[in-house]
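Below are the chains, spelled out letter by letter.
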Amino acid sequence: MPLSQPFRFHRESSSAEGAPEARAGSFSTRHGIVATPAFMPVGTQGTVKGVTPAQLMEIGPQVILGNTYHLGLRPGDELVARLGGLHVFMGWHGPILTDSGGFQVFSLSSMRKITEEGVAFQSHIDGSRHFLSPERSMEIQRNLGSDIVMALDECPAGRLERSKLEASMARTTRWLKRSRDYPLAEHQGLFAINQGGTHLDLRQRHLQEILDLDAQTPFQGFAVGGLSVGEPKEEMNATLAQFVRALPADRPRYLMGVGTPEDLLFGIEQGVDLFDCVLPTREARHGRLLTSRGRINIKNARHKESAEPLDPECSCYTCRTFSRAYLHHLLRAGELLASTLNSIHNLSYTVGLTRAARLALLENRFPDFARRTRENWQTEEP
RNA sequence: GCCGAGAUGGCCGAGUGGUUAAUGGCAGCAGACUGUAAAUCUGCCACGCAACGCGUUACGGAGGUUCGAAUCCUUCUCUCGGCA
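Residues numbered from 1 in each chain as written. Chains lettered and ligands numbered in written order. Predicted model: local features only at pLDDT ≥ 70, side-chain atom pairs only at ≥ 80, totals over all residues. Heavy atoms only, no water.

Trainee: Hey, could you run me through the pattern of salt bridges in this one?
Mentor: All told, the structure shown has 24 salt bridges when counted by the stated rule. Here arginine 358 and glutamate 12 are joined by a salt bridge, their closest N and O atoms 2.8 Å apart. Taken as a pair, arginine 358 in helix H14 (residues 336-362) and glutamate 12 in the loop between strand E1 (10-11) and strand E2 (25-29) lie far apart in primary sequence, 346 residues in all. The class of glutamate 12 is partly exposed, set by a relative accessible area of 36%. In this structure, glutamate 235 engages arginine 159 in a salt bridge whose closest nitrogen and oxygen atoms are separated by 3.1 Å. Of this pair, glutamate 235 sits in helix H9 (residues 233-243) while arginine 159 sits in the loop between strand E10 (148-150) and helix H7 (162-181), and the two are 76 residues apart along the sequence. Look at glutamate 235 and you get partly exposed, because its relative accessible area is 26%. The structure contains a network of salt bridges with shared partners spanning Asp368, Arg371, Arg372 and Glu375. (Salt bridge = Lys/Arg side-chain N within 4 Å of Asp/Glu carboxyl O. Helix = DSSP H or I, 4+ residues; strand = E, 2+ residues; numbered from the N terminus. Buried < 20%, exposed > 50% of the residue type's maximum accessible area, 1.4 Å probe, protein only.)

Trainee: Whenever I open this one, the sheet that holds strand E12 (residues 221-224) confuses me. Can you help?
Mentor: Hydrogen bonds between backbone groups are what pair the strands of a sheet, and the pairing can be parallel or antiparallel. As summarised here, the arrangement of the eight strands in space is E4-E14-E13-E12-E11-E10-E6-E5, forming an open sheet in which the pairing is parallel. Strands with a single pairing partner mark the edges of an open sheet, and in this sheet they are strand E4 (38-41) and strand E5 (64-67). Taken over all neighbouring pairs, the strand axes of this sheet differ in orientation by 25° on average, direction set aside. As defined by bridge partners, strand E13 (residues 253-255) adjoins strand E14 (residues 274-277) across two bridges and the pair is classed as parallel. By the bridge assignment, tyrosine 254 is partnered in E14 with leucine 274. Contacts from helix H6 (residues 134-144) reach strand E6 (96-99), E10 and strand E11 (189-194) within the one sheet, and its direction differs from that of E10 by about 160°. (Pairing = 2+ DSSP bridges. Axes fitted to C-alpha atoms, helices over the stretch in contact; angles between N-to-C directions. Contact = heavy atoms within 4.5 Å.)

Trainee: What exactly am I supposed to notice about the protein's contact with RNA strand B here?
Mentor: Near RNA strand B there are 42 residues, and of these Ser107, Cys155, Gly257, Val278 and Arg332 occur at the shortest range. Among the atoms of RNA strand B close to the protein, meaning within 4 Å, 46% are from sugar or phosphate groups. Here a sugar or linking oxygen of RNA strand B sits 3.1 Å away from a polar atom, N or O, in the side chain of histidine 70. At a separation of 2.8 Å, a base nitrogen of RNA strand B approaches a polar side-chain atom of aspartate 153. (Near = heavy atom within 4 Å. Polar contact = N/O pair within 3.5 Å; in protein donor to acceptor, adjacent residues only side chain to side chain.)

Trainee: What's the story with the sheet that holds strand E9 (residues 129-132) in this structure? I'm lost.
Mentor: If you trace the three strands from one edge of the open sheet to the other, you get E7-E8-E9, paired in antiparallel fashion. Each edge of the open sheet is held by one strand with a lone partner, namely strand E7 (112-114) and E9. Across the sheet, the mean angle from the axis of one strand to that of its neighbour is 15°, orientation sign disregarded.

Trainee: Is there a simple way to explain the packing of aromatic side chains in this structure?
Mentor: Inspection of every chain in the model, using the stated rule, returns six aromatic pairs. Ring plane angle 50° and centroid distance 4.8 Å describe the contact between tyrosine 69 and phenylalanine 121, whose orientation is recorded as tilted. Here tyrosine 69 is found in helix H2 (residues 68-73), whereas its partner phenylalanine 121 is found in strand E8 (residues 119-122), with 52 residues between them in sequence. Given a relative accessible area of 3%, phenylalanine 121 falls into the buried group. With centroids separated by 5.6 Å and ring planes inclined at 85°, the aromatic side chains of tyrosine 317 and phenylalanine 322 adopt a geometry described as edge-to-face. We classify tyrosine 317 as partly exposed; its relative accessible area is 34%. We classify phenylalanine 322 as buried; its relative accessible area is 17%. Put simply, the rings of Tyr317, Phe322 and Tyr326 pair up and form one aromatic cluster. (Phe/Tyr/Trp six-rings, centres within 6.5 Å; stacked < 30°, edge-to-face > 60°.)

Trainee: I would appreciate a short explanation of helix H10 (residues 261-270) in the present structure.
Mentor: The element H10 is extensively covered by neighbouring structure, given that nine of its 10 residues are classed as buried. All of the buried residues in H10 are Pro261, Asp263, Leu264, Leu265, Phe266, Gly267, Ile268, Glu269 and Gln270. Once H10 ends, the next one or two residues include glycine 271, with phi positive near 105°.

Trainee: Before we go on, may I ask you to explain H9 in this structure?
Mentor: Residues three or four positions apart in an α-helix share a direction because the helix packs 3.6 residues into each turn. Inspection of H9 places Met236, Asn237, Thr239, Leu240 and Phe243 among the buried residues, and these make up the whole buried set. Taken around the axis of H9, the buried residues stretch over an arc of 160°, which confines them to a single face. For H9, the elements touching its buried residues are E11, helix H8 (200-216), E12, E13 and H10. (Arc of directions from axis to C-beta.)

Function cannot be inferred from these measures alone, as they are strictly geometric.
Here you go:
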């Protein structure tokens, strides 16, 4: 059965001026305390692409992700279970959150068919046929042994027409009930996922359905899904501004798939505790790097001879050790180390941003922090 | 010296009379990426303009055949292989 006690969320900060919903807090899992706000790096296939757990440890994320669909398909959840669970298998002993496969319903839409029972997938690896139901998603996640388990949802494309969105939402609620009724391991906590696109009334209706289920058996946290999937940024922000505060305050709130620095800051201001995103690692591999003075593309010719560190204000291994010219060279040369060093930096920057926001909240200087952080992004670095 | 093969845009390399300013790849110059089918994808990449169009110069050099040539002919230069 799921935990009878929710991950109790302790709010640790008082209300910040101009951003009353923003909050610093924490909750405990078997594999460690999660201090929020927190950015969670994505490690879909049992690895945060390009970085070792030791390097990750130095970066210091509170939680990392794994993926149900991908790990269930390869190497297989039962194998991972036999080998001691995902923590042992991948050598990461901090908290792990596993996504349910709901996003793959969206991103692999050409290879699946949704029915009430679940989702029939054709493997993106070899074309073989698989079926992901809420129960199967829970089974995989139980085998993986993650700390935070996501309910299987249908992640609809942004801008889906309202009637289809409503049908999808209703199914996600029915799937949520089935996810909830599936027995997880004792240490695992189930998060519910709210859908509804950018329609506030649909979001609220869906939340009410979730809270009705929550009243019977509490969920351990609440996620906002189905954003940053193609809808205009203003619509996403408007939705967050109005909706996040409606989520129960006594448990973690998780905004799924969001990860630009601007979006993180905005989300924190709306009261979001957890974020995850592939962007920092993917962009790192492509040379797009975040710095305190703006974004840069390290591939650009202007960095070819720069002896400067990537970001003089950053203390990550990459910035402590290497010049821009070297990072430029590695990426140009197609060296694997480019991915590693760039990922270390972008993750440090992103995780560091949420950590700094947390500190600012705890020290009652969040508005100033937010203002200064935004100022830094206004100019693309010279 | 003789015989053979070949010289194409920064490099490699298609193309053997006409939708060819010239396929591809690489290099180069930029851009995109938000619960990862992404070490991926996209655009540009002869020169000049009053530029989604026009002009000029281009397939080793020179000359020729033809309405029309990178593509055919002659010759020169160079490169590679073989024989001396």
